[in-house]
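Observations on the model geometry
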Amino acid sequence: MKKPYDINLIADYIILRLNSDETVPLINLKLQKLLYYLQAWSLGINKERFLNCNFEAWVHGPVSRELYNRFKETRSLYSFIMTSDVMTSDPSSEIDSNDIEFINFILDNYAGFSGAELESMTHKETPWIEARQGIAPMQSCSRIISEETMKDYYGERWNAICQ
């Protein structure tokens, strides 16, 4: 399988990877942010979508409605996501090995943060801020976060890191 991947497949990979290390609790909010950062950094570094989905600028940061809908009947944003929530038992067999390296790179950099910390980080970054322009802080919003803005913002951050 090649990019862009179905978000549920990549979510399953992350759920299995993080739940194998019980020192990294995974809540729905955190899973949403990890997937957002995967998409954002792929756009910034590789100039291509990693996931076949959009992210909306919700009050609590970027959210994929598709992933939200997957869990909405059984999980809140603050519920733990467990291995029993996985749809694909061996997602790594459907992901290119270079892409697994990229996912692991993002997880190595972000999985140590809590869902609340990741939410706070996204609230300080241009793509989410721009998408919520004119929206009150606690007002519901379903605006799509611009992939062009993600590409530019995270591309600039990547260039600064690499200098």
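Please refer to the structure placed before this passage.
So, a few notes on the structure that sits alongside this text.

About the criteria used
- The numbers attached to residues start from 1 for each chain and follow its sequence in the written order.
- The model is predicted, so local features are restricted to residues of pLDDT at least 70 and side-chain atom pairs to those at 80 or more, both for listing and for counting; the totals for chains, interfaces and linings are taken over all residues.
- To obtain the side-chain values, all non-hydrogen atoms of the structure were used and water was disregarded.
- Stacked, edge-to-face and tilted labels apply to pairs of Phe, Tyr and Trp rings (six-membered ring for Trp) whose centres lie within 6.5 Å, assigned for plane angles under 30 degrees, over 60, and everything in between, in that order.
- Helix and strand assignments come from DSSP, with helices taken as H or I runs of at least 4 residues and strands as E runs of at least 2, each series counted from the N terminus.
- For every residue, the accessible area obtained with a 1.4 Å probe (protein chains only) is divided by the maximum for its type, and the residue is called buried under 20%, exposed over 50%, and partly exposed between those limits.
- When a carboxyl oxygen of Asp or Glu lies within 4 Å of a side-chain nitrogen of Lys or Arg, that pair is called a salt bridge.
- Between the N-to-C directions of two axes lies an angle of 0 to 180 degrees, each axis being a line fitted to C-alpha atoms and, for a helix, fitted only over the stretch in contact.
- To sort the angles, those under 35 degrees are grouped as roughly parallel, those over 145 as roughly antiparallel, those from 65 to 115 as roughly perpendicular, and the leftovers as oblique.
- Here, residues are in contact when the closest pair of their heavy atoms is within 4.5 Å.
- In this classification, the charged set is Asp, Glu, Lys and Arg, the nonpolar set is Ala, Val, Leu, Ile, Met, Phe, Trp, Tyr, Cys and Pro, and all remaining amino acids, among them Gly, are polar.
- Here, nonpolar core means buried Ala, Val, Leu, Ile, Met, Phe, Trp, Tyr and Cys residues that are tied together by side-chain atoms lying within 4.5 Å of each other.

**Describing the packing of aromatic side chains**
Counted under the stated rule, the structure contains 13 aromatic pairs. Residues Trp41 and Trp158 carry aromatic rings whose centres are separated by 6.5 Å and whose planes lie at 70° to one another, so their mutual orientation is edge-to-face. Here Trp41 is found in helix α2 (residues 28-46), whereas its partner Trp158 is found in helix α7 (residues 147-162), with 117 residues between them in sequence. Overall, Trp41 belongs to the buried group, its relative accessible area being 5%.

**A look at the pattern of salt bridges**
For the structure on display, the rule yields ten salt bridges. In this structure, Glu147 and Arg49 form a salt bridge, with 2.8 Å as the shortest nitrogen-oxygen distance. Placement of the pair is Glu147 in helix α7 and Arg49 in the loop between α2 and β1 (56-58), with a sequence separation of 98 residues. Judged by its relative accessible area of 24%, Arg49 falls in the partly exposed class. If you follow the salt bridges from partner to partner, you end up with Lys3, Glu48 and Asp99 in one network.

**A closer look at the packing of α2 against α7**
The angle between the axes and the distance between the axes are what describe a pair of packed helices. Running from N to C, α2 and α7 point in directions that differ by 70°, and their axes come no closer than 7 Å. One element, α2, and the other, α7, form an angle in the roughly perpendicular class. On α7, the residues that touch Tyr36, Tyr37, Gln39, Ala40, Trp41, Leu43, Gly44 and Ile45 of α2 are Glu147, Met150, Lys151, Tyr154, Gly155, Arg157, Trp158 and Ile161. Broken down by class, the residue content of the contact of α2 with α7 amounts to ten nonpolar, three polar and three charged.

**Some remarks on the nonpolar core**
Formed by 45 residues in total, the largest nonpolar core has its most connected members in Ile10, Ile14, Leu31, Leu35 and Ile103. Breaking this core down by element, the ones donating at least two residues are α1 (7-19), α2, α3 (65-71), α4 (97-110), α6 (126-131) and α7. Looking at this core element by element, the count peaks at nine residues for α2. Contacts of Ile10, omitting those with residues within four sequence positions, involve Tyr5, Leu35, Leu38, Phe50, Leu51, Ile95 and Ile103.

Geometry only, nothing functional implied.
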